[in-house]
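A look at the structure
So you can see what is in the structure, the chains are spelled out below.
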Amino acid sequence: MALEAAATLLLLPLLSSKPKPGSYLSLRLRTNRFATSRTGLLPPFTILPLPLRRAAVSKEEVAKETESSSTAVTEPPVRIVALVGQGSLSPLKNAPWLDVMLHTAKRLKWVDEGYEMLVFTDNVCQADDESAMGLQRELSRADILIIVAVTNQESVMWIQTNSKSVQNVICFDSSPNVTNRLGGSYVHTERKGSIFDKIVGFSESKKINDSEEVVRTVSEAWERHNSDDIRFCLLVIINAYIRPGFSTLNCMIKNCGPQILNCLLDPNCRKALQCLNQCSPVDQVCNYRCIASYESPNLEAFSLCVLQKHNCLELDAKIPEKPRVAPMVKFQGKDLCHETAEDLFVGWLGSLNWSWRVVAGQNPAYDQFPCQYQLFYRGKAKGSFWYEPVFQVKTLEGKMVWRRRRYRVKRGKIPGTFYFSVLDNGVVSNEFWTIVDVSDDLGWGLFHYSGAARVAGQSYTGAVLASPDGAYPNDRERGKLAFALEKCGIKEWELYTVDNCSCIDPPLGIPEGSSLHSIIKIKDKKWASV
């Protein structure tokens, strides 16, 4: 009973709002992944409310995809209308809001084909033709209306008149005269800089608390100004109001009593849980810094038991099938084979102390971690291949610390494709990697991945741009790089640059007896002084 009481006191804050399948809200056990949608590093495990860096896949979605078309029950589509100010520019490297929202609509389809988002500019509101009537029709059946950078008062009045039937209306960087709604209830904005602050129209306290959580999550995500969190805002609302879906504690007590007790008695493990409970659901930096600051064997044992062995949160996820990214087919004029593809991953290791250094990535939270090195090498065992990312993290005490992980890598059926797997802080993650392109002089490489931490309910996609010195490719390569990014469904304005300026004494090196290149010969010595 003492163990149960102690565990309840510590864990109940983490589990009091156990996620429904596919839920993105509330504290839960999740996996933080690294690489452009986290930078090519590996995924440290965390117990926290993680945002979507990668859209979670619910049990219902997994079941839906595996059922035959003759027996599957099709859910009604989720209809979203996005209305953006004509000619408005976003904070994403000044990309037009129209382009950003069109790209968001495309990426929502990767999460679920049933997510249908149509994007309009607000000049349609002022038109007296079929386009305005078409927008009216779409609003009459929309589940969500998202309004971005609309300040024209004629447009605002038109929206007020024609959006009354929409249950969920969210406004960003727009006129204060446009009213926000969630679940049919009004949300007032009271101070500048926050999208939603005070909720009115709810009669039940639990409903108020749930809606406040949605408000806080959506607001903080939007203020990050990156493409993943724009998509995340919509997924949060879908999950909370359109497709919502303590046995968990009992499972933990029954199956993981010793691990819970050890965590409670270990100051670092206990601090890690308490620290994670203080992080915002969308603050991936806060979440990972908790792990980096208080990482311990007892925390790993706790998560290994609770998640990996017993799946107490009853979560599930699989590797996303979209986007389907084709690997490069030729290198230096020759057909790509498995051995050459592995050599491309090995890259500059041998001439330098690393294979590649990460230049840029898609995730703003993780790509701000500096000094990311990639080590690829062949192991002692026949056919074995390994990947070890090395990276820096700033702890809560303000110290810069190095972290390192280890992936097992196996060849895919097609040269240039690979399966990665890692047990990181107690959770197994599996990934499918593709070599999208590598320049003939190995001056840069773009690697795409799709992955899942099944028992953490986490799926994700992304890409890693790397070079031998961590510098961006020169202007002559920009066209080729843009084409490679387009194959991944990634816009160049989505990339965030990694800080590779002050990287002192990285813990590099590979196991004794490892081997490097099989076919490619590294002849260019211009990087030798890097």
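I will try to describe carefully the structure that is included in this document. Since the structure is predicted, the reported quantities are computational estimates derived from the model, not experimental observations.

1. Section: the pattern of salt bridges
Evaluated as defined, the whole model comprises 20 salt bridges. The partner of E321 in a salt bridge is R324, with the nearest N and O atoms 4.0 Å apart. Notably, a salt bridge pairs D335 with K330, separated by 2.5 Å at the nearest N-O pair. Its relative accessible area of 58% is what places D335 among the exposed residues.

2. Comments concerning the pairing of strand β4 (residues 115–121)
Counting buried positions along β4 yields five of seven residues, so the element is predominantly enclosed. Two elements, strand β3 (residues 78–84) and β4, share seven bridges in a ladder whose sense is parallel. Counted as the bridge partner of V78 is Y115 from β4. Between β3 and its parallel partner β4, the chain crosses via helix α3 (residues 97–111), and the hand of that crossover is right-handed.

3. Digging into the packing of α3 against helix α7 (residues 227–242)
The interhelical angle for the contact between α3 and α7, taken along N-to-C directions, is 60°, at an axis separation of 10 Å. Here α7 runs oblique to α3, going by the angle between their axes. As for the relative orientation of α3 and α7, their crossing is right-handed in sense. Contacts between α3 and α7 involve W97, V100, M101, T104, R107, L108 and V111 from the first element and S227, D228, I230, R231, L234 and L235 from the second. In the contact of α3 with α7, the residues fall into eight nonpolar, two polar and three charged.

About the thresholds
Within each chain, residues carry numbers counting from 1 in the order of the written sequence. This being a predicted model, a pLDDT of at least 70 is required before a residue's local features are given, and a value of 80 or more before pairs of side-chain atoms are given or counted; all residues contribute to the totals for chains, interfaces and linings. The side-chain quantities take in all heavy atoms of the structure and omit both hydrogens and water. One speaks of a salt bridge when a side-chain nitrogen belonging to Lys or Arg is within 4 Å of a carboxyl oxygen belonging to Asp or Glu. In this scheme, a residue with accessible area under 20% of its type's maximum is buried, one over 50% is exposed, and one in between is partly exposed, where area comes from a 1.4 Å probe on protein chains only. Numbered from the N terminus, helices here are DSSP runs of H or I no shorter than four residues, and strands are runs of E no shorter than two. Note on pairing: DSSP must find at least two bridges between two strands before they are called paired. Crossovers are described as right-handed under a simple rule: with the strands pointing away from the observer, the path leading from the first strand over the helix to the second runs clockwise. Fitting a line to C-alpha atoms yields each axis, with helices limited to the stretch in contact; the angle taken between N-to-C directions then spans 0 to 180 degrees. For classification, angles of less than 35 degrees are called roughly parallel, those exceeding 145 degrees roughly antiparallel, those between 65 and 115 degrees roughly perpendicular, and all remaining angles oblique. Take the far helix as your reference; a near helix turned counterclockwise from it by less than a right angle gives a left-handed crossing, and one turned clockwise gives a right-handed crossing. The contact rule is simple, with two residues in contact once any of their heavy atoms fall within 4.5 Å. Asp, Glu, Lys and Arg are counted as charged, while Ala, Val, Leu, Ile, Met, Phe, Trp, Tyr, Cys and Pro are counted as nonpolar; the rest, among them Gly, fall into the polar class.

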